Amino acid sequence: MQQAFQGASTFMRAMPLMASALAALVIGGVVGVAFIASMNGVNPGPLARLSSLYGGHWFLMILGFTNALISAELLTLLSMEWSRRTAPQKFIAGFLALYWASIALYLSGHVTLGLVAAMLGLGVVGVYTYRTLLARSWIGLPPTHYNYLLTVTPILLIVLIAYWIVAGRLGLPRYDLAMATLILPVSAIIAVETRDIPLLLGIPPSRSIAVKSRGLRARATAAYVVSAAGILLVASGQYLLGGLLTVIGGVLAASSVALLQAIEKSSRAIPSRVKRHVGAHTVLSYLWLVGAGVVAAVHGLGVGVFVDDMYTHMLTLGFMFNVIMGIDAILLYGHAGISLDKTPPPQPWPGLLLNIGLILRIQNGLGNPYVPVIGGLLTGAAIVLFYARNMRNIRRILRETSQARG
């Protein structure tokens, strides 16, 4: 009962961050649908009024939604698991103030100021993560690879943004910043998946195969470095080498999660439907990651595919959201202190809609102009369905638990 109360308290502490992430996701999604319709010559109707925001779609989705979602993990959920405390309210409030300031500034045309505000927000998260995740855990475990990699991630984004700003002032070579920031979701997922999947399947952190296996830790670290380098090269126009590194990084990352070993050693208390759900989405996520690298490499060989849009959305909608739908369909409830026996069985429909929609979404320039628009609508519906169902269920279960305690 105490664990459930503590989990609910932590989840409520994370809610302002998660609500901010979802708000940016909805705004960015609506702008994205209007943008893709316009790109394909389809009249977006009333959404055409959002045309001034098209250039901010990437910012809303990466430095908006993804940034807030990962920060919610680092400042509250992972922090509680590792240190038995969440970030002080001043850290959370400071991050949120800078977060919304960055979005407001960027969308209003103050690009540099918006990026500086985003850097400062990442700095708040980086300072707290450094002070928390690099200390010993509350049960005395030393930091392992994902602690270090998660600590490096916000710092890496700060460096990427800072260089882009300074390079513009000094006339130095620059990369596509929107694409370079894809390093944020990809790197963070690679950093944490060797921990999340065994934990999700009932293997305690102290006995985790990821913690005990140097080979898995080495592969995860190599995947982090290689994938980040691949994305940065693609963002710099080096499609062949960047694509090949993305493929290698994806293969290394897939081999580092130890999915099969985790399922084999997992608790018998974990229902088979949960194992199948996690396994299917994990496999799909890495297929999309490797596929993005193949698309970029093929383009580098001279084949004229619409590579930037395909690469970007294969990494975000394909890799990132398959991970979210595979893991958070169960882990969100655990973060809220809800036991597995009270967790509703994960549903396949959001994942099916997501992947079908993405296949249609990446058809830009290859066929009927309405196909990618329909794909964009399907992926948006999948994401809304996923979050709406799970957030509603969590509120219901927590309310019922509170009433039972009272």
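In this text, all values refer to a predicted model and were calculated from it rather than measured experimentally. (Residues numbered from 1 in each chain as written. Predicted model: local features only at pLDDT ≥ 70, side-chain atom pairs only at ≥ 80, totals over all residues. Heavy atoms only, no water.)

J.: Any chance you could explain the overall build of the chain here in plain terms?
T.: Across its full length, the chain carries 15 helices and 0 strands. Per-residue burial over the chain gives 54% buried out of 406 residues. The long-range share in the chain, meaning contacts at least 24 apart out of those at least 6 apart in sequence, stands at 77%. When the accessible surface of the chain is summed, it comes to about 17000 Å², and 66% of that surface belongs to carbon and sulfur atoms. (Helix = DSSP H or I, 4+ residues; strand = E, 2+ residues; numbered from the N terminus. Buried < 20%, exposed > 50% of the residue type's maximum accessible area, 1.4 Å probe, protein only. Contact = heavy atoms within 4.5 Å. Areas by Shrake-Rupley, 256 points an atom, 1.4 Å probe, with all protein chains shown as cover.)

J.: For this particular structure, what's the right way to read the packing of helix H4 (residues 111-133) against helix H5 (residues 145-170)?
T.: A pair of packed helices is captured by two measures, namely the crossing angle of their axes and the spacing between those axes. As a packed pair, H4 and H5 sit with axes 9 Å apart at the nearest point and diverge in direction by 155°. Between H4 and H5, the interaxial angle falls into the category roughly antiparallel. Remark: the crossing between H4 and H5 carries left-handed chirality. Touching Thr-112, Leu-115, Val-116, Met-119, Leu-122, Gly-123, Gly-126, Thr-129, Tyr-130 and Leu-133 of H4 are Asn-147, Leu-150, Thr-151, Pro-154, Leu-157, Ile-158, Ile-161, Ala-162, Trp-164, Ile-165 and Arg-169, all from H5. When grouped by side-chain class, the residues that make up the contact of H4 with H5 number 14 nonpolar, 6 polar and 1 charged. (Axes fitted to C-alpha atoms, helices over the stretch in contact; angles between N-to-C directions. Parallel < 35°, antiparallel > 145°, perpendicular 65-115°, else oblique. Left-handed = near helix turned anticlockwise from the far one by under 90°. Nonpolar A, V, L, I, M, F, W, Y, C, P; charged D, E, K, R; others polar.)

J.: Where do I start with a nonpolar patch on the surface in this structure?
T.: On the surface, Tyr-163, Val-166, Leu-170 and Leu-172 cluster together into a nonpolar patch covering about 370 Å² of accessible area. Judged by relative accessible area, which is 33%, Tyr-163 ranks as partly exposed. (Patch = residues over 30% accessible without salt bridge, like charges linked within 9 Å, V, L, I, M, F, W, Y side chains within 5 Å. Salt bridge = Lys/Arg side-chain N within 4 Å of Asp/Glu carboxyl O.)

J.: Looking at this structure, how should I read the pattern of salt bridges?
T.: Close approach of charged atoms allows side chains of opposite charge to pair. Here the structure, examined in full by the defined rule, presents 2 salt bridges. As a salt-bridge pair, Glu-400 and Arg-396 come within 3.5 Å of each other at their nearest N and O atoms. Here Glu-400 pairs with Arg-396, and both are found in helix H15 (residues 370-405), just 4 residues apart, close to one helical turn. Looking at Glu-400, the relative accessible area reads 41%, which means it is partly exposed.

J.: In this structure, what is going on with the environment of Val-226? I would like to understand it.
T.: Along the chain, the position of Val-226 falls in helix H9 (residues 214-235). The exposure class of Val-226 is buried, given its relative accessible area of 19%. Expressed as a C-alpha distance, the spacing of Val-226 and Ile-248, which sit 22 residues apart in the sequence, is 7.2 Å. Excluding anything up to four places from it in sequence, Val-226 contacts Leu-245, Ile-248, Gly-249 and Leu-252.

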